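Chain by chain, the residues run as shown.
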Amino acid sequence: MAFLKTRERTKERFSLLLLDLEEYYFEQHTAYHVTTCSKKDRKVRGSFKVCSRSVIFDPDDLTEPIVKIPLRDCRHIEFVERESNPFNDPRPSAIFISCVQVIYIKDSNVIAPYRNERGEHRTCFQLEVWSKTEDVVQTLLQLHRASRLDKLGDQTAMIAANLQSRLARASFDKNSFHSVAEKPHMECEVEMVTPLVSNPGHVCITDENLYFQPLSGYPEQVIRIKLHRVRRIYKRRHGLRPLGLEVFCTENDFCSDIYLKFYNTADRDEIYYYIATFLENHVTEHTAESYMLQWQRGHLSNYQYLLHLNNLADRSCNDLSQYPVFPWVLADYSSTRLDLTNTDTFRDLSKPVGALNTERLDRLLARYRGMPDPPFMYGSHYSSPGYVLFYLVRVAPEHMLCLQNGRYDHADRMFNSVGETWKNCLEGATDFKELIPEFYGDDSSFLENKLSLDLGRRQNGRSVGDVVLPPWASDSSDFLQKHRTALESQFVSEHLHEWIDLVFGFKQRGSEAVAAHNVFHPLTYEGGIDCDSIKDPDQRIAMLTQILEFGQTPKQLFSSPHPQRITPRLHNMTRSPSTTSPLSELSPASHSEDSSFEDLTEESRKLAWTNMGNLKLVCSHRIHKEAVTGIAVSRDGSAVFSTSQDSTLKMFSRELKDFQRSVSFSNMALSSCLMLADGKTVVCSSWDNNVYFYSIPFGRRQDTLMGHDDAVSQVCWSDDRLYTASWDSTVKVWQCAADSSSNHKRSQFNLLAELEHDAGVNTIALSSAGTLLVSGCKDGTVSMWDTSSYSVLQQVHCHTGTIHHMAFSPDSRHVLSVGADCCMKVMDVQTGMVMSSVRAEEEQRCFCWDGSSVLGGGQSGDLLLWDLLSNTVTKRIPAHSGAVTAMWMNELCSSVITGGDDRQMLFWKIHS
């Protein structure tokens, strides 16, 4: 947990949380706090701490309270120098402070609300470092003058000037280097950010380590992070400005190792890019789209995916104004048994919390319609520092006391019950909060009052203790376990994308947000206001404080609808029937119930792709005079057909290891070929604008279809329909029927549809069920078509040049395309969103893929095995001496045939 991890850095009773918000801790000195009691001086030894808005005395005796004196409440500060005694032993100089308020904290070392004593106080502190006492007094007088200024802007500016002066006088102590051989790259002034606290100091980065040295030496003299241990880094928006940098040394922990706030963006960026050089594939790997693809295909859990999205959207556990936000997923907190197969158990994830109750929403909408511009529906946010600490007060009481000036909230307004909190979020006039990651973690301490804190008594007389859990949870650990299970359930997996659209996606702002009843106060949105443009410093600081305390909407990550997750049929959810659509084949429920054979085949495919790096060359044959353009194989695998730019169709016998037939249809190149389902006919497309049908039993051309005004680039077949793509910018759909009056069973071709494009169509592909067609053009545009209505579903400009090849994933959820721009793009079928974009070192001309891994044929002639989830090449297999131009893979993915510019056909097998 973030707060516990922060506190592990020090065992001291003193904490920076004892300071006011936006206050700095400058220096400390050993001292005695002298009070007069019964005409006798009482001296308590401890540490005298100078802060930007207060002085704090931390006694060595833990039974004594910590004393805090706000400088704004000081009437007078004076320095009294004591004379030496006859034995020349120096007596300490004294600082006398007259004030009207003294704050006592942690009396008897108990975490409790602060005790304020008002009235005239005269306090004496005797410092043991006499030579610096006068300097300390001068500092206190300066800070005292700043605290007494009328304007908040002037106070802040004077304190900032004092801080910058201190930072400028100091520098990073290079004696703190772990090794004398280290080479420093740069150092600059920064602040280390932890929840509610900013600690100024210096950062220094070397060729081995990142160091932070606090100006005050607290909580440690130096903090070191080894660069080779860094796994993730994120640029952060801190205080609405691009000044933050967060460093993680783990892959999955949502608590970072350090969060730094820089004073200018250039310094931040330089260190960011320097650290990035130590991370493999950092720039390409950690994008919202790549995480989306991993999540969609089940390689990331819902919990992990939400953490990654929060990280990418500037949410950090070190910044309470931008703490990670998680959804309420359950709506049942009253049953004795949690039924995760019933949809009524779950919250509607397509609506924001404020829109879940229709009666309350009607009232909010009525107010919204009567508002002046810019109107908003919700006056409070779903995530703010107050809401975070509302949930975490039992493990972070000092943070709550810091945020609320030394007080807890009223007992009845605290986090007393999960069910009550959910009910208030549904019915409360101003309560629209979501949850935090801890509700789906494995540390239940935030639900239990293990520190025995006195959090007050409710109106019913009961003390605030542990959080009351739903009846279906036996204890806090059981609650978290069932809550995690709910988050990963089938229902949530199927609908989580709808909540992502609201919080991180296209329904976050604009007309879509209005339609979704998802409009918050304008100040909560990134770019809602530029604080630097406000000239008056008082107004600027007040505005910034309001924004930070009110809550902030995450950075928008997606501008188009988020695709749904691919979920296996694990449960039978109780739900109402839905209407079918052209995308119905994407639903797992559409598969046959008797899927044992399918499962066996799928397991074989998975095993084959796991071993794809062990692809071994079996044999090679050169049977063409020009580049190979297409490969088709007979049903039994004995005959291999190939087309070439030499205008011939050739049949190769795998048994005899020699070509058996050669057919020339015209004097122009053949561009592709395919085997029809009957296993007796090969269809070839040609640059002469025609499509040719070759009968294997008769050994001759059977039919010719003259269908286009330019070269036919590719053909596809589904049931009795032929799809032909051409450089004349069309894809034509033909109904094929055998002519019963013909002895040679010639076919009749009826044109059913003509799909128009803006550029020549270079490649097409059909989904496994034949309900979707995707086409790729010479101008880089990808179009998705419904084959029942011939209407366009999606049209996306994916590439900057010709698209060479496209194919659906086995589950038809995604389309992969490769082009002349050297890019591989993964597009989501439902939304048209480009989910992954990989720029390769060379053009990929053809490929086969399983949805996550790609076996691509490169311009160099090598076969490249790509892992799309990490955007890396995992294996490079030498193959052809020229570009790989054609590729075929059998159903079990265990055999591969490739053709190339070198006129060769290569036969491959996977060796376990």
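As the structure is a computational prediction, the values presented were derived from the model and not from experiment. (Residues numbered from 1 in each chain as written. Predicted model: local features only at pLDDT ≥ 70, side-chain atom pairs only at ≥ 80, totals over all residues. Heavy atoms only, no water.)

**Considering the state of the cysteines**
In protein structure, a disulfide is the covalent linkage between the sulfur atoms of two cysteines.
Now for step 1: The tally for this structure, following the rule as stated, stands at zero disulfides.
Now for step 2: Here cysteine 74 is not disulfide-linked; the sulfur of cysteine 99 is the nearest cysteine sulfur, at 5.5 Å.
Now for step 3: Look at cysteine 74 and you get buried, because its relative accessible area is 0%. (Disulfide = S-S within 2.5 Å. Buried < 20%, exposed > 50% of the residue type's maximum accessible area, 1.4 Å probe, protein only.)

**Focus: the sheet that holds strand S33 (residues 814-819)**
Two strands in a sheet stick together by hydrogen bonds in their backbones, pointing the same way (parallel) or opposite ways (antiparallel).
Now for step 1: Taken together, four strands build an open sheet; the order of strands is S32-S33-S34-S35 and the sheet is antiparallel. Each edge of the open sheet carries a strand with a single partner, namely strand S32 (803-808) and strand S35 (834-839). Sheet twist, expressed as the average angle between the axes of neighbouring strands with direction ignored, equals 15°. (Pairing = 2+ DSSP bridges. Helix = DSSP H or I, 4+ residues; strand = E, 2+ residues; numbered from the N terminus. Axes fitted to C-alpha atoms, helices over the stretch in contact; angles between N-to-C directions.)

**Let's talk about helix H2 (residues 133-147)**
Now for step 1: A rise of 1.5 Å per residue sets the reference length of H2, with its 15 residues, at 21 Å; its end C-alpha atoms lie 21 Å apart and thus fit the reference within 8%.
Now for step 2: Those residues of H2 that sit buried are Thr133, Val136, Val137, Thr139, Leu140, Leu143, His144, Ala146 and Ser147. (Expected span 1.5 Å × (residues − 1).)

**Remarks on the pattern of salt bridges**
Now for step 1: Enumeration over the complete set of coordinates arrives at 30 salt bridges.
Now for step 2: In this structure, lysine 174 and glutamate 187 form a salt bridge, with 2.9 Å as the shortest nitrogen-oxygen distance. Placement of the pair is lysine 174 in the loop between helix H3 (152-169) and strand S8 (184-194) and glutamate 187 in strand S8, with a sequence separation of 13 residues.
Now for step 3: Of the residues examined, lysine 174 reaches a relative accessible area of 40% and is grouped as partly exposed.
Now for step 4: A salt bridge links arginine 237 to aspartate 314; its shortest N-O distance comes to 3.6 Å. Separated by 77 residues along the polypeptide, arginine 237 in strand S12 (residues 232-238) and aspartate 314 in the loop between helix H7 (302-312) and helix H8 (358-369) bring together distant segments of the chain. For the pair arginine 237 and aspartate 314, one class covers both residues: buried. (Salt bridge = Lys/Arg side-chain N within 4 Å of Asp/Glu carboxyl O.)

**As for the packing of helix H6 (residues 288-296) against H7**
Now for step 1: One way to put it is that H6 packs onto H7 with a least axis distance of 10 Å and a crossing angle of 175°. By the criterion of interaxial angle, the relationship of H6 to H7 is roughly antiparallel. Counting all contacts with H6, which are made through Ala288, Tyr291, Met292 and Trp295, the residues of H7 involved are Asn302, Tyr305, His308 and Leu312. (Parallel < 35°, antiparallel > 145°, perpendicular 65-115°, else oblique. Contact = heavy atoms within 4.5 Å.)

**Description of the side chain of serine 493**
Now for step 1: Among the structural elements, serine 493 can be located in helix H13 (residues 490-503).
Now for step 2: Here the side chain of serine 493 touches asparagine 302 through a polar contact of 3.1 Å, side chain to side chain.
Now for step 3: Contacts of serine 493, omitting those with residues within four sequence positions, involve Trp295, Asn302, Glu488, Arg565 and Thr567. (Polar contact = N/O pair within 3.5 Å; in protein donor to acceptor, adjacent residues only side chain to side chain.)

**Some details on a positive patch on the surface**
Now for step 1: Among the surface-exposed residues, Arg224, Lys226, Arg229 and Arg231 lie close enough to one another that they form a single positively charged patch.
Now for step 2: Structurally, arginine 229 is set in the loop between strand S11 (223-226) and S12. (Patch = residues over 30% accessible without salt bridge, like charges linked within 9 Å, V, L, I, M, F, W, Y side chains within 5 Å. Areas by Shrake-Rupley, 256 points an atom, 1.4 Å probe, with all protein chains shown as cover. Lys, Arg positive; Asp, Glu negative; His and termini not counted. Charge placed at Lys NZ, Arg CZ, Asp CG, Glu CD.)

**Notes on the packing of H3 against helix H15 (residues 537-550)**
Now for step 1: Running from N to C, H3 and H15 point in directions that differ by 85°, and their axes come no closer than 7 Å. It follows from the interaxial angle that H3 and H15 lie roughly perpendicular. Facing H3, whose interface residues are Leu152, Gly153, Asp154 and Thr156, H15 presents Pro537, Asp538 and Ile541.

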